[in-house]
Amino acid sequence: MSYKVAVIGDADTVTGFALSGVSYTYVHADKDRTLAKLAEFMVSEEVGLVFITHRIAEEIGAEFRRMMRAKKLLPVVLRIPDFKTGYIPVVDELYELIKRTVGAEIVVRAEEG
Amino acid sequence: MNVDRVLKFELSRLNVHLPERRISLKEALESTKPQVATRDGSIHRFKREELDLLAKTVPEADWGRLHLPILIALDPKLGRGVARITGGAEAKVVGQILGKKSTGEELLIYRPEVAVVRRKLPTTTQYFFVPG
Amino acid sequence: MAAVATEVVTPTRMELLKLKHRVNLAQRGHDLLKEKMDALIIEFFEVLRRIGEARKSALKQLSLAYRALSVCSAVMGTIETRQASREAKRELEVEISTRHIMGIVVPTLEVERVERDALTRGYSLHTTPSVLDEVSKEFEKALGLLVKLAELEESARAIARELERTKRRVNALEYILIPRLKAALKFIEMRLDEMERENFSRLKRIKAMLEAGA
C-alpha cells in the first residue's frame, strides 16, 4: 500500500525535505503543539513514514518514548540529524538496545571480529 | 502450571510466519507484487533484488520447480548449529550460493553458512522449526 | 543446585508416565526455542551490520543535502527558498508492505523513483535557479537512503524484542521448569522403589508366618 511521508523539524530541515516531495511538514515551535502534531501523524491513515529530528525528539522527552513504545506497525518513525547542528545523541539508543539484548561482552566480540 | 501453558503457546507460534502455500520463482517473477499470505493472516513480501539474484542463478527451465520461500529447517535432532534445505531445486540453488555441491533432494548446512544464506536472501528464505 | 519439587505428586506409575511425557515435551520445547534464539541472534547481528552501513551513507548524503540548502539560501535568499518549497510538488509516496521473521512482522519500505526530473518537481527549469534544483536532487537522494534506514531500524527493534522474549522462555525452561519436573520425577521413582521394597519385605514376612504356622 502507498503512504505519504511527514517531517517534523526546524524551518530549514523541513524546507529541504519539502523540496524532495515530502507531503506533510511541521515546523517545531513548542513541545505541546509538536506533540499534538506528532500524535496527528501517528493516527493518520495516510502517513506511513515520519521523520523527526533528534533534537526535537529529545526535547519532547518521555512522551515521545512512550508514543514509540505504544505504536503499532505504522507509521515508521525515524530520527534524523537536523540542518542547524547535525545533532545526533551521544548515547546511541540502538547500541544500548544491543547491549541489553545480547549482553555487553558479545558487543565487544562483535566489534573485534 | 504457568510455564507449561507459555511453552505450548510459544511452540504453536514457532512456524506462524510460514505461508499456507509457497509460490514458484516463475510465479514470483511474473507478479507485480511478489508475496505470500502467512499462516497468521498477514503478508510476506519478496524483495525484487533477491528474485533477480535467484533468476540469475537458476536456469530458466527450473524456475517453475523452485518454491519460495526456501525453507531452512531447524531440527533439534540434527544437533545445534545444523540446518537442512529440502527440495532438489532449493538445495541446488543454496549449494550454488554457498559454493558447495549438493546432490539430491537435501542439503545440510552449518550456522555460518546459514548466516550467509540469510544475508543474501533475507525475504526469499525462511526458518522452519521441525516440531518432531 | 538441587531444585525443590514444589509440585504435589502422588507416587503412582500413572503419574510417573505423565511426568516423563512432560519432561520430554519441555526438553523438546527448550531445544526448539534455543534454535529460534540462535537464529534470531544471526538476524539481529546482520541487521545491525546493515544499519551501520546505511547510517554512514545516509548521514553523508544528508550533509550534502544540507550544504546544498545553505548554498541555495545564500544565493536565492532564505525566504524565497522556503516559498519555493511550499510551491513544489509534494506527493511523494512510499510503498509499505510487510515481511516476517520468525513470529515477528516487520515493515518493508520502497520508494519508487525518488529522484524526479525538474518538471515533475513542480517548477520550470527556465525560471528556477540551478541551486534550487540541486537542493531537490540532493534531498531526493537522501530520502531514498533514509527510507532504507528507517526499515532497518524498525526491524532491529522488533527483532530485539522477540529475542528478549525468547531468551526469557529458554531460561524459564532451563532453570525453572525442567529442573522442577526432573526433581518431581526423581521423587516419584524413589517413592515407587521404596513402596516396592516395603511390599516385598511385607510379603516375605507373611510367607514366613504362614510357613511357621503350617
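Summarised in this report is the structure supplied together with it. (Residues numbered from 1 in each chain as written. Chains lettered and ligands numbered in written order. Predicted model: local features only at pLDDT ≥ 70, side-chain atom pairs only at ≥ 80, totals over all residues. Heavy atoms only, no water.)

A word on the environment of Tyr 24 of chain A. Residues and elements named next belong to chain A. Here Tyr 24 shows up in strand S2 (residues 24–27). The partly exposed category is assigned to Tyr 24, whose relative accessible area is 29%. The spatial distance from the C-alpha of Tyr 24 to the C-alpha of Pro 75 is 13 Å, given a sequence separation of 51 residues. (Helix = DSSP H or I, 4+ residues; strand = E, 2+ residues; numbered from the N terminus. Buried < 20%, exposed > 50% of the residue type's maximum accessible area, 1.4 Å probe, protein only.)

Another point: the sheet that holds strand S7 (residues 106–110) of chain B. With mixed pairing, the four strands of this open sheet are ordered in space as S7-S6-S5-S8 (chain B). In this open sheet, the two strands that pair with only one neighbour each are S7 and strand S8 (125–129) of chain B. Strand after strand, the sheet turns through a mean of 30° between neighbouring axes, direction not considered. In terms of strand pairing, strand S5 (residues 70–74) of chain B meets strand S6 (residues 82–86) of chain B through two bridges, oriented antiparallel. By the bridge assignment, Ala 73 of chain B is partnered in S6 of chain B with Arg 84 of chain B. Against the sheet, helix H4 (residues 88–98) of chain B contacts S5, S6 and S7 of chain B, and its axis sits at roughly 35° relative to S7 of chain B. The strands touched by helix H1 (residues 13–76) of chain C within the sheet are S5 and S8 of chain B, with S8 of chain B carrying the most contacts at an inclination of about 160°. (Pairing = 2+ DSSP bridges. Axes fitted to C-alpha atoms, helices over the stretch in contact; angles between N-to-C directions. Contact = heavy atoms within 4.5 Å.)

Moving on, we come to the environment of Lys 31 of chain A. All names here are of chain A. Summarising the element assignment, Lys 31 is placed in helix H2 (residues 31–43). Take Lys 31: its relative accessible area is 39%, and that puts it in the partly exposed class. Remark: the alpha-carbon pair of Lys 31 and Ala 57, spanning 26 residues in sequence, is separated by 9.6 Å.

Glancing now at the environment of Thr 34 of chain A. Residue and element names in this part refer to chain A. Structurally, Thr 34 can be placed in helix H2. Judged by its relative accessible area of 0%, Thr 34 falls in the buried class. In this structure, the C-alpha to C-alpha distance between Thr 34 and Gly 103, residues 69 residues apart in sequence, is 36 Å. Beyond its immediate chain neighbours, meaning those up to four positions away, Thr 34 contacts Ile 8, Tyr 26, His 28, Ala 29, Ile 56 and Ile 60. Separated by 2.6 Å, the side chains of Thr 34 and His 28 make a polar contact. Engagement of the side chain of Thr 34 in a polar contact is seen with the backbone oxygen of Asp 30, the distance being 3.1 Å. (Polar contact = N/O pair within 3.5 Å; in protein donor to acceptor, adjacent residues only side chain to side chain.)

Taken together, the 44 residues of chain A in the interface contact 49 residues of chain C. Summed over both partners, the interface of chain A with chain C buries about 3,900 Å², with 67% contributed by carbon and sulfur atoms. Note that Asp 12 of chain A and Arg 82 of chain C form a salt bridge whose closest N and O atoms lie 3.2 Å from each other. Across the contact surface, chain A and chain C share 13 residue pairs in polar contact (both at pLDDT 80 or more). Among the elements of the structure, strand S1 (2–9), helix H1 (11–18), S2, strand S3 (47–53), strand S4 (76–80), helix H5 (93–102) and helix H6 (104–112) of chain A are those that each provide at least two residues to the side of chain A that touches chain C. Along the lines of polarity and charge, the residues of the side of chain A that touches chain C split into 26 nonpolar, 10 polar and eight charged. The pairing of S1 of chain A with strand S1 (residues 93–101) of chain C spans three bridges and is antiparallel. Note that in S1 of chain C the partner of Tyr 3 of chain A across the bridge is Val 94 of chain C. (Buried area = accessible area lost by both parts, 1.4 Å probe. Salt bridge = Lys/Arg side-chain N within 4 Å of Asp/Glu carboxyl O. Nonpolar A, V, L, I, M, F, W, Y, C, P; charged D, E, K, R; others polar.)

Counting from both sides, the interface comprises 39 residues of chain B and, opposite them, 37 residues of chain C. With both sides pooled, the region where chain B packs onto chain C buries about 3,400 Å², and carbon together with sulfur makes up 57% of that total. Of the charged contacts in the structure, one is a salt bridge between Arg 80 of chain B and Asp 38 of chain C, with a shortest N-O distance of 2.8 Å. Linking chain B with chain C are 18 residue pairs in polar contact (both at pLDDT 80 or more). At the level of secondary structure, the elements contributing two or more residues to the side of chain B that touches chain C comprise helix H1 (2–13), strand S3 (43–45), helix H5 (111–120) and S8 of chain B.

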